[in-house]
Amino acid sequence: MASVLLTASSFVLIIFFGFFLRRAGFFGPQDHQLLSKLVMNVTLPAAVIRNFAALDLTPSLLFLAVLGVLLNVAGAAAGWLYARRQDATQRAFAMLTWSGYNIGAFTMPYLQGFLGPVGVGAACIFDIGNALMCNGAVYAVTPREGARPALGQMARRLLTSAAFDVYLVMLAVGLAGIPIPQTLVDLLAPVAEANSFLAMLMIGLMLELNLRPGYLRRGVVTVLARNLLAAGEALLFYFCAPFSLEIRQVMVIVLFAPVSVASVAFADKCGCDPGLSGFTASLSILVGMGLMTFLVIALGIR
């Protein structure tokens, strides 16, 4: 337990270190974009390759990608039902922030500190379906003014994501039974190990704690709704899914991941208050880190 709390505390310190450096003027308002590019295009793909190398990929694990799609549909549908009598902007905000899981930029780096390659690999497979929904599919059905994005635009957004491309390549390599050379894994190890630090620092630079009237209530409602849905889904998966205990434990933790960064970007495109979206995402990160740490301890992962 002590080691889990120590690791979690180090992540919290990195996040707030980034937050205070930005407030002190060491980083500018847009500097997080550079770190985001570095994480999503360099360190995260390296971490994915390293963890897939030790994962015994079976066809049954592909269900985790399907699960990523289904749970996004469930979250968006629940958000629509909650806001169905509100205006289109409020319905769009609920649909986008009740669905979507921040796997690559938060959950993956966080899990690296607690879980082995099997756990991180399972999260990667889940993120294939999750990324498909976060990067356009949910946005395509949100109520708003203007044309819906074309399928070609959604496909380009996915296929130009280095992390998503690596997911697909590693999935194909694993299913084909092609071993990943240990030399490549060793070469990528220092880059992969930098992923957690850079991702948490990036989140600190993006953290928004600017409270305005109504922000706290709306943010709390959204985060509470997400986690209540996650609790029901986690119980169902943990006790009913035909997977090993390790995979079930990992997915229980993943379901409490915070709001996706892509969901926040799409909420802005739908005319939602960007300050509210940023605050809600930040609140979900702080709450998610606490819940995920509690679950690591409660499930006896370490």
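Preceding this section is the structure that the text describes.
Residues numbered from 1 in each chain as written. Predicted model: local features only at pLDDT ≥ 70, side-chain atom pairs only at ≥ 80, totals over all residues. Heavy atoms only, no water.

## Things to note about the overall build of the protein chain
At step 1: Along the protein chain, the regular secondary structure elements total 14 helices and zero strands.
At step 2: Seen in sequence order, the protein chain has helices and strands lined up from the N terminus as α-α-α-α-α-α-α-α-α-α-α-α-α-α.
At step 3: Taken over the C-alpha trace, the protein chain has a radius of gyration of 18 Å; the compact-globule value for 302 residues is 19 Å, and the two agree within 12%.
At step 4: Along the three orthogonal principal directions, the C-alpha set of the protein chain runs to about 55 × 40 × 40 Å.
At step 5: The 302 residues of the protein chain split such that 53% are buried.
At step 6: On the protein chain, roughly 13,400 Å² of surface is accessible, and the fraction owed to carbon and sulfur atoms is 68%.
At step 7: Taking the average location of the 18 positive side-chain charges in the protein chain and that of its 13 negative ones, the two points are 9 Å from each other. (Helix = DSSP H or I, 4+ residues; strand = E, 2+ residues; numbered from the N terminus. Rg over C-alpha atoms; globule rule 2.2 N^0.38 Å. Buried < 20%, exposed > 50% of the residue type's maximum accessible area, 1.4 Å probe, protein only. Areas by Shrake-Rupley, 256 points an atom, 1.4 Å probe, with all protein chains shown as cover. Lys, Arg positive; Asp, Glu negative; His and termini not counted. Charge placed at Lys NZ, Arg CZ, Asp CG, Glu CD.)

## Structural notes on the side chain of Arg 248
At step 1: On the secondary structure map, Arg 248 appears in helix H12 (residues 245-254).
At step 2: Salt bridges are absent for the buried Arg 248, whose nearest opposite-charge side chain, Glu 246, sits at 11 Å.
At step 3: The contact partners of Arg 248, leaving out residues within four places of it in the chain, are Phe 237, Tyr 238, Ala 241 and Phe 243. (Salt bridge = Lys/Arg side-chain N within 4 Å of Asp/Glu carboxyl O. Contact = heavy atoms within 4.5 Å.)

## Looking at the packing of helix H2 (residues 32-52) against helix H5 (residues 103-112)
At step 1: Axis separation between H2 and H5 bottoms out at 11 Å; the angle between their running directions is 40 degrees. Looking at the two axes, H2 sits oblique to H5. Crossing of H2 against H5: the hand is left-handed. Between H2 and H5, the residues in contact are Met 40, Leu 44, Ala 47 and Val 48 and Gly 104, Ala 105, Met 108 and Gln 112, respectively.
At step 2: In terms of residue class, the contact of H2 with H5 is made up of six nonpolar, two polar and no charged. (Axes fitted to C-alpha atoms, helices over the stretch in contact; angles between N-to-C directions. Parallel < 35°, antiparallel > 145°, perpendicular 65-115°, else oblique. Left-handed = near helix turned anticlockwise from the far one by under 90°. Nonpolar A, V, L, I, M, F, W, Y, C, P; charged D, E, K, R; others polar.)

## Thoughts on the pattern of salt bridges
Close approach of charged atoms allows side chains with opposite charge to pair.
At step 1: The final tally for this structure, using the stated rule, is one salt bridge.
At step 2: A salt bridge links Glu 193 to Arg 50, with the nearest nitrogen and oxygen atoms 3.3 Å apart. Of the two residues, Glu 193 sits in helix H9 (residues 182-193) while Arg 50 sits in helix H2, which places them 143 residues apart along the sequence.

## Some remarks on the environment of Ile 180
At step 1: Of note, Ile 180 is situated in the loop between helix H8 (162-176) and H9.
At step 2: On the basis of relative accessible area, Ile 180 is assigned to the buried category, the value being 19%.
At step 3: Beyond its immediate chain neighbours, meaning those up to four positions away, Ile 180 contacts Ile 49, Phe 52, Ala 53, Met 170, Val 173 and Val 185.

## Section: H8
At step 1: With 15 residues, H8 extends 21 Å between its outermost C-alpha atoms, agreeing within 8% with the 21 Å of an ideal straight helix rising 1.5 Å per residue.
At step 2: Three or more residues of H8 are buried, namely Ala 163, Phe 164, Val 166, Tyr 167, Met 170, Leu 171 and Val 173. (Expected span 1.5 Å × (residues − 1).)

## Some words on a nonpolar patch on the surface
At step 1: Side chains of Leu 211, Leu 216, Val 220, Leu 224 and Leu 228 sit close together on the surface and give an oily, nonpolar patch of about 480 Å² of accessible area.
At step 2: Within the secondary structure layout, Leu 224 lies in helix H11 (residues 215-240). (Patch = residues over 30% accessible without salt bridge, like charges linked within 9 Å, V, L, I, M, F, W, Y side chains within 5 Å.)

## Thoughts on the packing of aromatic side chains
At step 1: Inspection of every chain in the model, using the stated rule, returns 10 aromatic pairs.
At step 2: Measuring from ring centre to ring centre gives 5.5 Å for Tyr 101 and Phe 126, while their planes differ by 75 degrees; the resulting arrangement is edge-to-face. Here Phe 126 lies in helix H6 (residues 117-140) and Tyr 101 lies in the loop between helix H4 (88-98) and H5, a separation of 25 residues in the sequence.
At step 3: In this structure Tyr 101 comes out as buried when scored by relative accessible area, which is 7%.
At step 4: With relative accessibility at 0%, the residue Phe 126 sits in the buried group. (Phe/Tyr/Trp six-rings, centres within 6.5 Å; stacked < 30°, edge-to-face > 60°.)

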